[in-house]
Amino acid sequence: MSGLRSWLARRLLAGVAQTAAVVVLVFALTEALPGDAAVALAGDQPDPARIAAIRETMELDRPAAVRLLDWATGLLHGDLGTSLVSGRPVSAYVSDGFGPTLLLAALTLLLLVPVGVGLGVLAARHAGGWPDRVISSVTLGVYAVPEFALGTLLVTVFALRLGWFPPTAVGYGGDLSGHPAALVLPVLVLLSRPVCSLSRLVRAGMIDALAAPYTAQARRYGVGGARVLLAHALPNAVAPAAQQLARTVDWLLCGVIVVEALFVIPGLGTVLMNAVAERDVPVVQGLAVVFGVLTVVLNLGADLVARRLTPRAEVAA
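Rules of the game
Residues numbered from 1 in each chain as written. Predicted model: local features only at pLDDT ≥ 70, side-chain atom pairs only at ≥ 80, totals over all residues. Heavy atoms only, no water. Helix = DSSP H or I, 4+ residues; strand = E, 2+ residues; numbered from the N terminus. Areas by Shrake-Rupley, 256 points an atom, 1.4 Å probe, with all protein chains shown as cover. Buried < 20%, exposed > 50% of the residue type's maximum accessible area, 1.4 Å probe, protein only. Polar contact = N/O pair within 3.5 Å; in protein donor to acceptor, adjacent residues only side chain to side chain. Core = buried A, V, L, I, M, F, W, Y, C linked by side-chain atoms within 4.5 Å. Contact = heavy atoms within 4.5 Å. Phe/Tyr/Trp six-rings, centres within 6.5 Å; stacked < 30°, edge-to-face > 60°. Lys NZ or Arg CZ within 6 Å of the ring centre and 35° of its normal. Patch = residues over 30% accessible without salt bridge, like charges linked within 9 Å, V, L, I, M, F, W, Y side chains within 5 Å. Salt bridge = Lys/Arg side-chain N within 4 Å of Asp/Glu carboxyl O. 1 Å grid on protein atoms, 1.4 Å probe; cavity = no way out; pocket = protein on both sides within 12 Å on 5 of 7 lines; lining within 4 Å. Points joined across faces, edges and corners; volume = space filled by probe spheres on them. Nonpolar A, V, L, I, M, F, W, Y, C, P; charged D, E, K, R; others polar. Expected span 1.5 Å × (residues − 1). Bend = angle between axes of the 7 residues up to and from the residue. Arc of directions from axis to C-beta.

### With respect to the overall build of the protein
1) Next: On a plain count of helices and strands, the protein comes out with 14 helices and 0 strands.
2) Next: Along its sequence from the N terminus, the protein presents helices and strands in the succession α-α-α-α-α-α-α-α-α-α-α-α-α-α.
3) Next: Total accessible area on the protein stands at roughly 16600 Å², and carbon and sulfur atoms take up 67% of it.

Right under this line is the structure:
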């Protein structure tokens, strides 16, 4: 128990350091964006007085180190900043876009775990047989297709030609839960690559676990095949898959920009794209920090799950 506490304390300290690095990196990258945000916000024919007023409002006339310190202090108090375009708090943009993105991520995860783990177990159970070859070939082929290409193909076939599903979420607003047909194609696109990677990880882990001495010992004691598969081999195969699952959750929450743009879903990805197009620096910075903190927290949770499932690996580390 003391070893777990010590390990958790180290990981928490590392998480705090990573979060601080994310804040500094986000600020530095937005500072390095080409062009002048004040000029972009001043309009097509800006005059020097308007540009100077905007720069003063944005505090661009202050040293970068001072602005970074003020921004970081605000983040510690939960203040993500204020939009330069609309004057709304950045937290309002996050709350508006978080619902659709979270809904897509939750539906994808709800299908990802049983489908990905089930395919991996099935392939490992018949390693070298035709089910294994079919699953491996299909998952490898689907994984090689980019999301935008797969999404375009699904829209062309199932929305435009067959008319089974709407091609976009236009007209549904932010409440997509009441329109499940609009979620089918986006969820399929989001599900395609994670299912492939998760199933292949589970397959590899299951094959190694089934060949391990403890599973052979369980068979010698007369433990049934299904119990050996699910109670002995699967928990050890799930440890690396848990870390992959955390990275998948991070990608679902932070990297759905292509899918949201393709299906016109008003989520965080769409909010970020609009903010970049409008040079709304505080919104870009606030969303980037939210994404970065989510990444740190999810990876910390994945490491904890992996340690609980395979404590021997952490002791060795």
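Next comes the rest of the write-up.
### Notes on unusual backbone geometry
1) Next: Here Val264, not a glycine, exhibits a phi torsion of approximately 55 degrees, which is positive.
2) Next: Position of Val264 relative to the elements: it lies in the loop between α11 (257-263) and α12 (268-277).
3) Next: Judged by relative accessible area, which is 39%, Val264 ranks as partly exposed.

### Considerations on the environment of Glu260
1) Next: Checked against the element boundaries, Glu260 lands in helix α11.
2) Next: Overall, the relative accessible area of 0% leaves Glu260 in the buried class.
3) Next: For the pair formed by Glu260 and Thr101, sequence separation is 159 residues and the distance between their alpha carbons is 8.4 Å.
4) Next: At 3.5 Å, the side chain of Glu260 forms a polar contact with the backbone nitrogen of Leu268.

### What about the nonpolar core?
1) Next: Counting residues in hydrophobic clusters, the biggest one holds 19 residues, and the most contacted among them are Trp71, Leu75, Leu80, Val94, Val283 and Leu287.
2) Next: Those elements that place two or more of their residues in this core are α1 (2-31), α4 (64-76), α5 (90-125), α12 and α13 (281-309).
3) Next: For this core, the element with the most residues is α13, which contributes 6 residues.
4) Next: The residues contacting Val283, other than those within four sequence positions of it, are Ser83, Val90, Tyr93, Val271 and Ala275.
5) Next: In this structure, Leu183, Val187, Leu190 and Phe263 belong to the second largest nonpolar core, which totals 18 residues.

### Digging into the packing of aromatic side chains
1) Next: Under the counting rule described, the total for this entry stands at 1 aromatic pair.
2) Next: Ring plane angle 40 degrees and centroid distance 5.7 Å describe the contact between Phe158 and Trp164, whose orientation is recorded as tilted.
3) Next: The ring of Tyr93 is capped by Arg88, whose NZ or CZ atom sits 4.8 Å from the centre of that ring.
4) Next: Across the ring face of Tyr143, the terminal group of Arg193 is positioned such that the distance to the ring centre comes to 4.2 Å.

### Some words on the environment of Leu68
1) Next: Relative to the helices and strands, Leu68 resides in helix α4.
2) Next: Once the C-alpha coordinates of Leu68 and Val24 are considered, the two residues, 44 residues apart in sequence, prove to be 7.6 Å apart.
3) Next: The contact partners of Leu68, leaving out residues within four places of it in the chain, are Val23 and Phe27.

### Comments concerning a nonpolar patch on the surface
1) Next: A cluster of nonpolar side chains, contributed by Leu153, Val157, Leu162 and Trp164, occupies part of the molecular surface with about 400 Å² of accessible area.
2) Next: Here Trp164 shows up in the loop between α7 (147-161) and α8 (181-210).
3) Next: Residue class for Trp164 comes out exposed when judged on its relative accessible area of 55%.

### Comments concerning the layout of surface pockets
1) Next: Approximately 150 Å³ is the volume attributed to the second largest pocket.
2) Next: Going through the elements one at a time, α6 (130-143) and α8 are the ones with two or more residues in the lining of the second largest pocket.
3) Next: In terms of residue class, the lining of the second largest pocket is built from 8 nonpolar, 2 polar and no charged.

### Topic: α5
In an α-helix, one turn spans 3.6 residues; hence positions three or four apart end up facing the same way.
1) Next: Under the 1.5 Å per step criterion, the end-to-end length of α5 is 50 Å for 36 residues, consistent within 8% with the ideal 52 Å.
2) Next: Of all the bends in α5, the largest measures some 35 degrees and sits at Phe98, one to four residues before the proline Pro100.

### Digging into α12
1) Next: Those residues of α12 that fall on the buried side of the exposure criterion are Leu268, Gly269, Val271, Leu272 and Ala275. Buried positions in α12, seen along its axis, are confined to an arc of 160 degrees and lie on one side of it.
2) Next: The positive-phi residue at the C-terminal boundary of α12 is Arg279, with phi of around 55 degrees.

### Concerning the side chain of Ser83
1) Next: Note that Ser83 resides in the loop between α4 and α5.
2) Next: Owing to a relative accessible area of 4%, Ser83 belongs among the buried residues under this scheme.
3) Next: Among the polar contacts made by the side chain of Ser83, one reaches the side chain of Tyr93 at a distance of 3.5 Å.
4) Next: Excluding its chain neighbours within four sequence positions, the residues that come into contact with Ser83 are Arg88, Val90, Tyr93, Asp280 and Val283.

### A short note on the pattern of salt bridges
1) Next: Under the criterion given, the structure shown has 2 salt bridges.
2) Next: Measuring nitrogen to oxygen at the nearest pair gives 2.6 Å for the salt bridge that ties Arg88 to Asp96.
3) Next: When its relative accessible area of 45% is taken as the criterion, Asp96 is described as partly exposed.
4) Next: Linking Arg203 and Asp132 is a salt bridge whose minimum nitrogen-to-oxygen distance equals 2.7 Å. On the criterion of sequence distance, the pair formed by Arg203 in helix α8 and Asp132 in helix α6 is long-range, its members being 71 residues apart.
5) Next: Look at Arg203 and you get partly exposed, because its relative accessible area is 25%.
6) Next: Relative accessible area serves as the criterion here: at 4%, Asp132 is assigned to the buried category.

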